[in-house]
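One letter stands for each residue in the lines below.
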Amino acid sequence: MPPRKRSSGTGSSRRGASSPELRQSGSAISPQQHTEKDSDFVTLCKELFVTNTVCNRAWAIWTSAAISAEKINNSNRPLWGVCVFISAVDLEEISFTFTQLLKAVGLRLKQFCDLVRKLDENVDTISSEVNSTVMKLEKKYDVSLALYQRFGKMCNSIYSVPSEEKRQELLRSSWIMFLLAKGSALQMEDDLVISFQILLCVLEFCTKRCPSTLLQPLYKSAVSATAQSPPTRTSRRNKAKPRPPEMDVQLLETLCKESDCSMDEVKNVYQSSFCAFLDSLSLSGSQEFPAVETLSKKYDELYHKNKDFDARLFLDDDETLCPGKEEATKVEMMPKKNQSGEENVLVPPQTPIRAAMNSIQQLRGGLTSASDQPSGNLIVYFKNCTVDPSEEITKRVGQLGQIFCQKFAEAVGQRCEGLGKTRFTLGVQLHYKVMESMLKSEEKRLSVQNFSKLLNNATFHTSLLASALEVVLATYVGGSLKNGGSESPETDLCFPWILDVFQLHAFDFYKVIESFIKAEPTLKHDMIEHLGRCEHQIMESIAWKADSPLFELLRQSREEGPGEQAEPPATLNQPLQHNHTAADLYLSPLRPSRQLPAAAAPPAAPPAAAAAEVDPPAMPLSQPPAPGTKQHRSNSLSLFYKKLYRMAYLRLKMLFSHLLNSHTELEPIIWTLLQHTLQNEYELMKDRHLDQLMMSAMYAICKVKNVDLRFKTIVTAYKELPNTNQETFKRVLIREGQYDSIIVFYNLVFMQKLKTNILQYSSPRPPPLSPIPHIPRSPYKYPSSPLRVPGGNVYISPLKSNRLTPAAMTPRSRFLVSIGESFGTSDKFQKINQMVSSTDWSLKRRLDGDATPKPLKKLRFDVDGQDEADGSKSSCESTMIQKLAEITSTRSRMQEQKLKEEAEKDNPEP
C-alpha cells in the first residue's frame, strides 16, 4: 500500500489481494460472522479480501466516529473504504493494493487521502502510522506524476512515430522499464532527482535500440553508429556471455543537456545502478527492445509486493491517478516573450523537475571555483593558530565522509553510494568556502589572526560541515515537492537526518546557522528559508531531547548564578540584535584590549546582564587565562532563549487569533504562564514539543478564567497553522517510554506540575505579567532576499559582491538589474520603467468585513502613473506606482551622472 519501508522489505503477511494462499488460508471474512453489519459494507470487505479482524475494526471505526455521509458530503462506500484502509494499516494486515482499494470505492488518489483527513475529527481517530502512510503515498504520487509528465514531453521530442500503435508500444515499454529500474535501485522511491536520472538512463537504453527512422533529427544524429549497428556473428555465438552494457556517451550527453542535468551524476547512476538492473533482467548484451509483456509481468510482482498504486495506469489516463485541479496547476503557464523586444526568448515552464535541476545547477555554479581541499587562505589561517588544526580537519572530513556515504546508501539505495560521494564533495566545497568567509569576517571584526580556539573545536567543524551538507541535501530534494521535514529521519534525508548521521547535538548545530547564512551571500532565498525552518525545528523540539547539552547548561546557570543564563523576562521587550557570530558562540578570541585586569574589571553581572547585546570576552584555546583576567562562557544559551521566547510568542499569538479574539485580555496571561514554564519548568520540554506546552497553557488559563474552550477546539485550530504535525498532539510523552494524547499529558503532567502557578491567575492578586517580546525583522531576510515589486517580474535586491552569471539565473528571471553595477548606458533603467509601466498589476480587493478574496482586476498604468480598473481608481496603488517610477527615474539620472563623471575622469579635456 504505501511505498515500501526502506529499512526492510514487506512482511510475509502482506500478500497480494488475488493470492490463492490468502483465499485458502481461512483468514478471509465469513459473512455469517458479520450479520449485524451493513451488507454492502461486508461485500466491500469481501472484494478486498480483508480478514475478520480488519472487518470488525473497520466497522468499529465507522460506528464510533459517528460518521455522517451528509456531513462529509459523500456516500457510504468511500467512507467505508477509508475505515477499511485505516484498520488494515493499523493492524498491519493489508490484503489489497492501493489501486484495488481506489477502484473499489471509486475515488482518485488525492480524493481518498483528503477523505482520510476529513475523518480525523477526534484526536485519536487516525493513528500516526496511518498519517505517515498517507503522507508517503501522496509524496510518491506527486513525484511519479511529475516524472510521468516530463516523460511524455521527452518522448515527444525523441520519437517521431507515424503509427499511434507503435508509439504506444514504445511509451509503454520505456515507462514500465523505468518503474522497474527505479524500484530496483531505490529504497526511497520518492527521491525526485535520482528517479529522474534513472529515467534518463532508461531513455538512453531505449532510444539507441529504436530504429533511426522513428527518431527525431536531434536524437537521430546523437545516437552513435555503433549503438545502432546490428549484432555481429561473433556476438550471436556468444549469447551465453553477454557483453557489459555500453553507454552511448553522445546520446546521454544530449539527454542531459536537454534536461539541464549533470552528466557526471547520470553516468554514476548508469554505471552503479542501471547496469546492475539490466543484468538482473538479462538485458546487458541484448540489442533487442524489451518486450512489454515481460516487463509488465515483472512490475506486477513488485506492485503487489509493495501494496502500492499501479503507476502503469498513468499510461491509460486512469481515473484513479488523474490529477485534480490543484495538481494540474503545479506546472506554470509558459510566459510570454520578453516585452523589451531585445531578447525574444521563451522561458521554459517551471515544472518540479526543472525547478530541481535549476537549483542544483545554481548550487554547482556557485562552487565551480571552490575546492574540496582547504584553500591557500585557509592554510594561512591554520598556520597562524597556536595549535595547527590542518591535520585534524582533513582527517575529520575523511572520517565523516565515510559515515555519510554509508548512511546515504542505507537510506536511498545500496548502489547509490557513489551519488552520496558526489553530494558529500559538494558539501565539503561549500564547507571550506563558508569557513574562509567566516574567518575573513572575524579577522576584520576582531583584528586578530589567531583563531586557535575556534579552529581546534571539533564540534564547530562538524556543525559547519553538517550545515553545508544540509544545504546540498535540501537542494536535491526539489523545491516543489519538499515535505518540510515532517517525515521521520528513518525514511527520509530531510532535516534532522544529517544530525543523526554525524551524531551531532541540535543545540551545537544551531550555533552556526546564522553565521553560515551571513557568510554565504549566494545562498538562494529558499535555502535561507530552509535553514531558518531548521533553526525553528531545533528550538521547538529537537534541542530538547533528553541527551541534549542544553539541559546541562540550564542546570549550570541555576547552580552557578552569574554567567551564562537564559534570558530573564525583564529584557524580553528589548530589541534582538543579530550581531552574534558562530565564533562568539564557540568562544573565539576577541580583541586583546577588551580583556580587563581584575582590578579594573566590573563587578559580577546580575542575571539580567546575560541578555545584554555585547561580545563576551574569551581566551584562545591554546592560551590559559592570563593573571588577573576572568574566563567567561559563551552566550549561546542566552541567544537561544532570546529566539525561543520570540518564536513561542509568535506561535501563541497566531493560535490565539484563531480562537480567542473576543478575549484579548487573556493573551498576556497565557504568555506569562508559557514564559514561566520555559524559564522555570524547562524539564517539561524534555523529549517534548514547544507547541504542547503552548496549547496546555492556553487551555489552563481559559479553565481558571471560566472561558469555554475545549481541547478539541484548540487542536482543530492548531491543525490549520502552518508547519504543524499531528504527531504533536497525538503522541506526547507522559512518562518514560509511555506516550498518549495531549489531553492526557495536560491532566497527568502539565497541570500537576503547574497547578499552584495556574491557580494564582484566578486570585485577586495574580502574579505580574511578563513583557511582550520585541519581534525584530528576521536576520535571514537581509541582505540575501530580493524585494519583489507586486504584480511584475522586477526584484529590488542589495548589490552582492559576486553576481551570478546569466547562465546561472533561473528560467523565471526575465530581467535582472542590480543598482550599483556599471552597465555603460542608462538604457536598461529606461527599460525597467517601460516594463513597469506596461505590466498588469493584480490587486486583491476585499469588501468591508469580508475575508473572502475577490476576483483579481487587471490594472493598466498610463504615462502619468495613474491606474484604471473598470473606470475606478485606487489612490493608494497609484501613489505607490508613482513613487516607484520616481525612484527608478532618480536612480537612472544618478547612473547617467556617474557614467558621465567616469568618462570625464578617463578622458580629461586639455
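Bear in mind that the values here come from a model prediction, so they are computed numbers and not experimental data.

## Section: the overall build of the protein chain
Turning to step 1, where the next piece is worked out: The secondary structure content of the protein chain amounts to 36 helices and seven strands.
Turning to step 2, where the next piece is worked out: When each of the 910 residues of the protein chain is scored for burial, the buried share is 50%.
Turning to step 3, where the next piece is worked out: As presented, the protein chain carries roughly 42,600 Å² of accessible surface, and 51% of it is formed by carbon and sulfur atoms.

## Some words on the packing of aromatic side chains
The description of an aromatic ring pair uses the distance of the two centres, along with the angle that the planes make with each other.
Turning to step 1, where the next piece is worked out: On inspection of all chains with the given rule, the structure shows 39 aromatic pairs.
Turning to step 2, where the next piece is worked out: Relative to Trp175, the ring of Phe151 lies with its centre 5.2 Å away and its plane at 45°, an arrangement referred to as tilted. Here Trp175 lies in helix 9 (residues 164-185) and Phe151 lies in helix 8 (residues 128-158), a separation of 24 residues in the sequence.
Turning to step 3, where the next piece is worked out: Given the relative accessible area of 1%, Phe151 is considered buried.
Turning to step 4, where the next piece is worked out: Judged by relative accessible area, Trp175 falls into the buried class, the value being 0%.
Turning to step 5, where the next piece is worked out: Consider the rings of Phe404 and Phe408, whose centres lie 6.0 Å apart with planes at 25°: the pair is stacked. Here Phe408 and Phe404 lie together in helix 20 (residues 390-412), a separation of four residues that amounts to about one turn. Just as Phe404 is buried, Phe408 falls in that class too.

## Details of the nonpolar core
Turning to step 1, where the next piece is worked out: Judged by nonpolar contacts, the single largest core of 242 residues is most densely connected at Phe85, Phe502 and Phe640.
Turning to step 2, where the next piece is worked out: With 13 residues, the single largest contributor to this core is helix 8.

## Brief notes about the pairing of strand 1 (residues 732-735)
Turning to step 1, where the next piece is worked out: In this structure, strand 1 lies alongside strand 2 (residues 738-740), joined through three bridges in antiparallel fashion. Bridging from a neighbouring strand, Val732 pairs with Asp740 of strand 2.
Turning to step 2, where the next piece is worked out: Here strand 1 hands over to strand 2 after two residues, with Gly737 in that stretch at a positive phi of 80°.

## Quick look at the packing of helix 25 (residues 506-519) against helix 29 (residues 636-659)
Describing two packed helices takes the angle between their axes plus the distance from one axis to the other.
Turning to step 1, where the next piece is worked out: Here helix 25 crosses helix 29 at 80°, and the two axes come no closer than 11 Å. Put simply, helix 25 runs roughly perpendicular to helix 29. Where helix 25 abuts helix 29, its residues Phe507, Tyr510, Lys511 and Glu514 lie against Ser636, Leu637, Leu639, Phe640 and Lys643.
Turning to step 2, where the next piece is worked out: Among the residues forming the contact of helix 25 with helix 29, the class breakdown is five nonpolar, one polar and three charged.

## A short note on the side chain of Lys643
Turning to step 1, where the next piece is worked out: Here Lys643 lies in helix 29.
Turning to step 2, where the next piece is worked out: Of the polar contacts made by the side chain of Lys643, one reaches the side chain of Glu514; its length is 2.6 Å.

## Topic: the pattern of salt bridges
Turning to step 1, where the next piece is worked out: Taken as a whole and judged by the stated rule, the model has 30 salt bridges.
Turning to step 2, where the next piece is worked out: Close ionic contact of Lys110 with Glu138 constitutes a salt bridge, the shortest N to O distance being 3.6 Å. Of this pair, Lys110 sits in helix 7 (residues 109-118) while Glu138 sits in helix 8, and the two are 28 residues apart along the sequence.
Turning to step 3, where the next piece is worked out: For Lys110, a relative accessible area of 14% gives the class buried.

## A short note on helix 34 (residues 742-760)
Turning to step 1, where the next piece is worked out: Look at helix 34: only 23 Å from first C-alpha to last across 19 residues, short of the 27 Å you get at 1.5 Å a residue.
Turning to step 2, where the next piece is worked out: Listed as buried for helix 34 are Ile742, Phe745, Tyr746, Val749, Phe750, Leu754, Asn757 and Ile758.
Turning to step 3, where the next piece is worked out: Buried positions along helix 34 lie against helix 30 (667-680), helix 31 (690-704), helix 32 (711-719), helix 33 (727-730), strand 1 and strand 2.

## As for the packing of helix 23 (residues 458-477) against helix 26 (residues 525-540)
Turning to step 1, where the next piece is worked out: Taken N-terminus to C-terminus, the directions of helix 23 and helix 26 make an angle of 115°; their axes are 10 Å apart at the nearest point. Where helix 23 crosses over helix 26, the handedness of that crossing is right-handed. Taking contact as the criterion, the partners of Glu470, Val471, Ala474 and Thr475 in helix 23 are, on helix 26, Met527, His530, Leu531 and Cys534.
Turning to step 2, where the next piece is worked out: Considering only residue class, the contact of helix 23 with helix 26 consists of five nonpolar, two polar and one charged.

## Remarks on the side chain of Glu520
Turning to step 1, where the next piece is worked out: Among the secondary structure elements, Glu520 is positioned in the loop between helix 25 and helix 26.
Turning to step 2, where the next piece is worked out: Note on Glu520: relative accessible area 2%, which makes it buried.
Turning to step 3, where the next piece is worked out: Those residues in contact with Glu520 that sit more than four places away from it in its chain are Leu430, Lys433 and Val434.

## A short note on the environment of Glu246
Turning to step 1, where the next piece is worked out: When you line up the elements, Glu246 lands in the loop between helix 13 (233-237) and helix 14 (249-259).
Turning to step 2, where the next piece is worked out: Put simply, Glu246 and Gln271 are 25 residues apart on the chain and 9.7 Å apart in space, counted from C-alpha to C-alpha.
Turning to step 3, where the next piece is worked out: Every residue in contact with Glu246, bar those within four places of it in the chain, is listed here: Glu204, Lys208 and Tyr270.

## Observations regarding the state of the cysteines
Turning to step 1, where the next piece is worked out: One pass over the full model with this rule turns up zero disulfides.
Turning to step 2, where the next piece is worked out: The thiol sulfur of Cys494 is not disulfide-bonded, and the nearest other cysteine sulfur, from Cys534, lies at 9.1 Å.
Turning to step 3, where the next piece is worked out: Under the relative-accessibility criterion, Cys494 is labelled buried at 11%.

## Some thoughts on the environment of Ile714
Turning to step 1, where the next piece is worked out: Within the fold, Ile714 resides in helix 32.
Turning to step 2, where the next piece is worked out: Each C-alpha atom of the pair Ile714 and Ser696 lies 9.4 Å from the other, and the pair is 18 residues apart in sequence.
Turning to step 3, where the next piece is worked out: If we skip the residues at most four places from it in the chain, Ile714 touches Leu655, Leu659, Met695, Met698, Tyr699 and Leu709.

## A closer look at the environment of Lys686
Turning to step 1, where the next piece is worked out: In this structure, Lys686 sits in the loop between helix 30 and helix 31.
Turning to step 2, where the next piece is worked out: Setting aside residues no more than four positions away along its own chain, Lys686 makes contact with Trp544, Ala546, Phe551 and Leu733.
Turning to step 3, where the next piece is worked out: One polar contact links Lys686 to Glu683, side chain to side chain, over a distance of 3.1 Å.

## Quick word on the confidence of the model for the protein chain
Turning to step 1, where the next piece is worked out: Averaged over the protein chain, the pLDDT score is 76; the fraction of residues at 70 or greater is 66%.
Turning to step 2, where the next piece is worked out: Across the protein chain, the secondary-structure element scoring lowest on mean pLDDT is strand 6 (residues 857-861), at 27, and the one scoring highest is helix 31, at 97.
Turning to step 3, where the next piece is worked out: Of the regions scoring below 50 in pLDDT, residues 226-244 engages in 17 contacts with residues more than four places distant in sequence or in other chains.
Turning to step 4, where the next piece is worked out: In this model, residues 810-823 is a region of pLDDT below 50 whose contacts with residues beyond four sequence positions or in other chains number 41 contacts.

## Some thoughts on unusual backbone geometry
Turning to step 1, where the next piece is worked out: In this model, Phe495 is joined to Pro496 through a cis peptide bond whose omega is 15°.
Turning to step 2, where the next piece is worked out: With respect to the element layout, Pro496 can be found in the loop between helix 23 and helix 24 (497-502).
Turning to step 3, where the next piece is worked out: Phi at Phe49 is positive, roughly 55°, even though this residue is not glycine.

The rules behind the values
Residues numbered from 1 in each chain as written. Predicted model: local features only at pLDDT ≥ 70, side-chain atom pairs only at ≥ 80, totals over all residues. Heavy atoms only, no water. Helix = DSSP H or I, 4+ residues; strand = E, 2+ residues; numbered from the N terminus. Buried < 20%, exposed > 50% of the residue type's maximum accessible area, 1.4 Å probe, protein only. Areas by Shrake-Rupley, 256 points an atom, 1.4 Å probe, with all protein chains shown as cover. Phe/Tyr/Trp six-rings, centres within 6.5 Å; stacked < 30°, edge-to-face > 60°. Core = buried A, V, L, I, M, F, W, Y, C linked by side-chain atoms within 4.5 Å. Pairing = 2+ DSSP bridges. Axes fitted to C-alpha atoms, helices over the stretch in contact; angles between N-to-C directions. Parallel < 35°, antiparallel > 145°, perpendicular 65-115°, else oblique. Contact = heavy atoms within 4.5 Å. Nonpolar A, V, L, I, M, F, W, Y, C, P; charged D, E, K, R; others polar. Polar contact = N/O pair within 3.5 Å; in protein donor to acceptor, adjacent residues only side chain to side chain. Salt bridge = Lys/Arg side-chain N within 4 Å of Asp/Glu carboxyl O. Expected span 1.5 Å × (residues − 1). Left-handed = near helix turned anticlockwise from the far one by under 90°. Disulfide = S-S within 2.5 Å. pLDDT = per-residue confidence, 0-100.

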